[in-house]
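# Summary of the model geometry
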Amino acid sequence: MIRRDFLKQIGLVTAGLAITDPFAMAKSMAGMSAEELAKLPPEELIHFPLRSLRPDTGGKRITAIIVGAGNRGRLYASYAERYPENFKIVGVAEPIEGRRDAMIKKHGIPMENAFVGFKELLEQPKLADVVVIATPDDLHYEPCMKALELGYDVLLEKPIAQTEKECRDILRQTEKYNRIVAVCHVLRYAPYFIALREYIRSGAIGEVVNIQHMEPIEFAHMAHSYVRGKWRVEKETTPIILAKSCHDLDIMRWLIDKPCKVISAEGSLHLFKKENMPEGAPFRCTDGCPYEAECPFSAMDVYLRRKKHLGVFDLKNRNDDAEILEKLRTTGYGRCVFQCDNDQPDHYVTTMLFEEDKTATFTMDAFTPWGGRRTRVMGTKGYIEGDMSIFTAWDFKTGKTKIWSREVEELEEYKGAGHGGGDLALVRDFLEAVAAQDQSRLSSTLEASVESHVMGFAAEKSRKSMRKVRVKMRD
Ligand SMILES: NC(=O)c1ccc[n+]([C@@H]2O[C@H](COP(=O)([O-])OP(=O)(O)OC[C@H]3O[C@@H](n4cnc5c(N)ncnc54)[C@H](O)[C@@H]3O)[C@@H](O)[C@H]2O)c1
């Protein structure tokens, strides 16, 4: 179907190029197949050349130690399987034996470079060029500070640390030892967000005045990670505005390209608490819960029937229902969502004022059928709306639209890579920055990452005090 017929069908073209419903437009555009999109005339497509994921390390092979061989640690290590001539995993620190052994086997790590935890690793002299810190949120600060002192460059999972002071300490430590720290704000490296930013910077929609950005968590993901799972208790990890949404604060700051001055936030835990428990619900979904068939958060549904989020279980066979059931009976993931020890808000709204009177609003919400991100950018000459796979830009004067689409633009090697390809593009840029010993190769320098974390801590202060909070980058 060509674009005009397509638009007619969804009722968007009446006379000329009148656009009546931007939401319907963006949504329907996203439904176009790659072939349909590719048939659009070139002037209606936005194109920015995408870099290959292969790094240019100037012939150097960067050696790395994985600290925390869980979900993220394994993902970053997988880059060494793609580009072994540029990246080699030579050590691991991980307390879970099965995960440690799997990493040793996959990357041929010598036994003397395998450790049960970061403390044991960091008692040794420097063993590699870099460490990848992919431990839980409460175990970022200590290994990062020590690794910098030992002379490692660091790929550091977000959030940087659990408090504003610790984030600033890491920044100072980096300056003191003249090292590179790349924070895994992976959205900055995703082709979609790079194209969105470049299009804004081209001036096509004039000056950005306001951004509306949404992070839909998706109801089952919320239950998995922030009600039953690893990030459910604020103090053990970080407030959800950092644990989940530091990416989004960072992206808004990056798109607006001005420092945030003032922030205010509202939000709370509305649903997932004891007083909302249906009468007589047992502690576990596996214990014959009479509401199981109708509960959208049923653990039986999420893990057993839909086989989602199984990575946390280290299963021998993900199709073995008996093994999954056993996990639901013995781990926190089988608990009724109304009977967990969680305290993270399930809806969170933030308002931001940036320099030059630019504004942004951010909504994080558990109660959505899908995840990803939704963004609207309001400029003085145009408007953009996107959903992380496609964005549509309107020009006020001409009424014409242009589209950037992942389906059309994405290179083969990006396909299937997490966060729209951002996960692996980040590793590429980090290795290049390390090889050149030049942190400006990173779009997300540590200073920029600390700045957007400071926004998160300020938002949390505002939410708890019910006051607007000034954002100060320097203490
Ligand atoms: N950038 C992103 O988009 C993104 C996405 C998800 C998670 N994360 C962050 O990545 C980090 C890791 O998350 P994950 O999902 O991989 O968690 P995970 O639980 O799968 O992995 C963490 C690993 O660290 C290990 N560990 C615990 N104590 C350790 C110690 N003392 N020394 C060494 N290893 C230790 C654990 O055994 C585990 O294997 C978290 O901080 C999380 O917030 C970032």
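See the structure printed just above.
Scope of this entry: the structure provided in the associated data block. Note that the structure is a prediction, hence the values are computed from the model and not measured.

### Structural notes on the overall build of the protein
- On a plain count of helices and strands, the protein comes out with 17 helices and 15 strands.
- Relative to the globule expectation of 23 Å for 475 residues, the C-alpha radius of gyration of the protein, 23 Å, shows essentially globular dimensions.
- Taken along the three principal axes of its C-alpha coordinates, the protein extends 70 × 65 × 50 Å.
- When each of the 475 residues of the protein is scored for burial, the buried share is 54%.
- Within the protein, contacts between residues separated by at least 24 positions form 72% of all contacts whose residues are at least 6 apart in sequence.
- Counting every atom, the protein has about 20600 Å² of accessible surface; 52% of that belongs to carbon and sulfur.
- Taken as two groups, the 69 positive and 70 negative side-chain charges of the protein have centres that lie 2 Å from each other.

### Details of the site of the ligand
- The environment of the ligand is formed by 27 residues, the closest being Arg 72, Glu 94, Arg 99, Asp 137 and His 140.
- Contacts to the ligand include Glu 94, whose side-chain N or O atom sits 2.6 Å from an oxygen atom.
- In this structure, an oxygen atom belonging to the ligand sits 3.2 Å away from a side-chain N or O atom of Lys 230.
- Starting from 840 Å² of accessible surface for the ligand in isolation, the protein chains cover 88%.
- Taken together, the residues of the shell around the ligand break down into 12 nonpolar, 8 polar and 7 charged.

### Some words on a positive patch on the surface
- A contiguous patch of positive charge on the surface is contributed by Lys 261, Lys 461, Arg 470 and Lys 472.
- Structurally, Lys 461 can be placed in helix 17 (residues 446-465).

### What about helix 17?
- If you check helix 17, its first and last C-alpha atoms are 28 Å apart, about what 20 residues at 1.5 Å a residue would give, namely 28 Å.
- In terms of burial, helix 17 is a largely internal element, 15 of the 20 residues being buried.
- Positioned one or two residues after helix 17, Met 466 has a phi angle of 60°, which is positive.

### Section: the sheet that holds strand 3 (residues 114-115)
- Taken together, 6 strands build an open sheet; the order of strands is 3-2-1-4-5-6 and the sheet is parallel. Among the strands making up the open sheet, the edge pair consists of strand 3 and strand 6 (181-183).
- As defined by bridge partners, strand 1 (residues 62-67) adjoins strand 2 (residues 87-93) across 6 bridges and the pair is classed as parallel. Across the sheet, residue Thr 63 finds its bridge partner in strand 2, namely Lys 88.
- Along the sheet, helix 4 (residues 71-82) makes contact with strand 1, strand 2, strand 4 (130-133) and strand 5 (153-156), crossing strand 2 at roughly 150°.

### Brief notes about the pairing of strand 12 (residues 382-386)
- Within strand 12, 5 of the 5 residues are buried, which leaves the element mostly enclosed by the surrounding structure.
- Every second residue of strand 12 is oriented toward a common face, with Gly 382, Ile 384 and Gly 386 on one face and Tyr 383 and Glu 385 on the other, all of them buried.
- By the bridge criterion, 4 bridges tie strand 11 (residues 374-379) to strand 12 in an arrangement that is antiparallel. Its bridge partner lying in strand 12, Met 378 is registered against Tyr 383.
- Counting the residues between successive antiparallel strands, the hairpin from strand 11 to strand 12 contains 2 residues.
- Bridge count for strand 12 against strand 13 (residues 390-395) is 5 bridges, and the pairing is antiparallel. Paired with Gly 386 across the strands is Phe 391, a residue of strand 13.

Procedures and definitions
Along each chain, numbering runs from 1 in the same order as the chain's sequence is written. Side-chain atom pairs in this predicted model are given and counted only at pLDDT of 80 or more, local residue features only at pLDDT of at least 70, and totals for whole chains, interfaces and linings cover all residues. Only hydrogens and water are set aside when side-chain values are computed; all heavy atoms of the structure are taken into account. Secondary structure follows DSSP: runs of H or I at least 4 residues long count as helices, runs of E at least 2 residues long count as strands, and numbering of each begins at the N terminus. In this description the radius of gyration comes from C-alpha coordinates, and the expected globular size is given by 2.2 Å times residues to the power 0.38. Here's how the labels work: a residue is buried when its accessible area is under 20% of the maximum for its type, exposed when over 50%, partly exposed in between, all with a 1.4 Å probe on protein chains only. Pairs of residues are marked as contacts when any of their non-hydrogen atoms sit within 4.5 Å. Working definition of accessibility: Shrake-Rupley area with a 1.4 Å probe, residue cover restricted to the visible protein chains. In this charge count, Lys and Arg are treated as positive and Asp and Glu as negative; neither His nor the chain ends contribute. Where a charge lies is defined by one atom per residue type, namely NZ (Lys), CZ (Arg), CG (Asp) and CD (Glu). Residue proximity to a molecule or strand is established when one non-hydrogen atom of the residue lies within 4 Å of it. Whenever two N or O atoms come within 3.5 Å, that pair is a polar contact, provided that in protein one can donate a hydrogen and the other can accept it, and provided that, for residues adjacent in sequence, both atoms are side-chain atoms. The classification used treats Ala, Val, Leu, Ile, Met, Phe, Trp, Tyr, Cys and Pro as nonpolar, Asp, Glu, Lys and Arg as charged, and all other residues, Gly among them, as polar. Note that patches include only residues with greater than 30% relative accessible area and no salt bridge, and the join distances are 9 Å for like charges and 5 Å for nonpolar side chains (Val, Leu, Ile, Met, Phe, Trp, Tyr). Only one rule defines a salt bridge in this text: a Lys or Arg side-chain nitrogen within 4 Å of an Asp or Glu carboxyl oxygen. Here a helix's expected span is defined as the number of its residues, less one, multiplied by 1.5 Å. Pairing between strands is defined by DSSP: at least two bridges between the two strands are required. Axis definition: a line fitted to C-alpha atoms, over the contacting stretch in the case of helices. Angles run 0 to 180 degrees between N-to-C directions.

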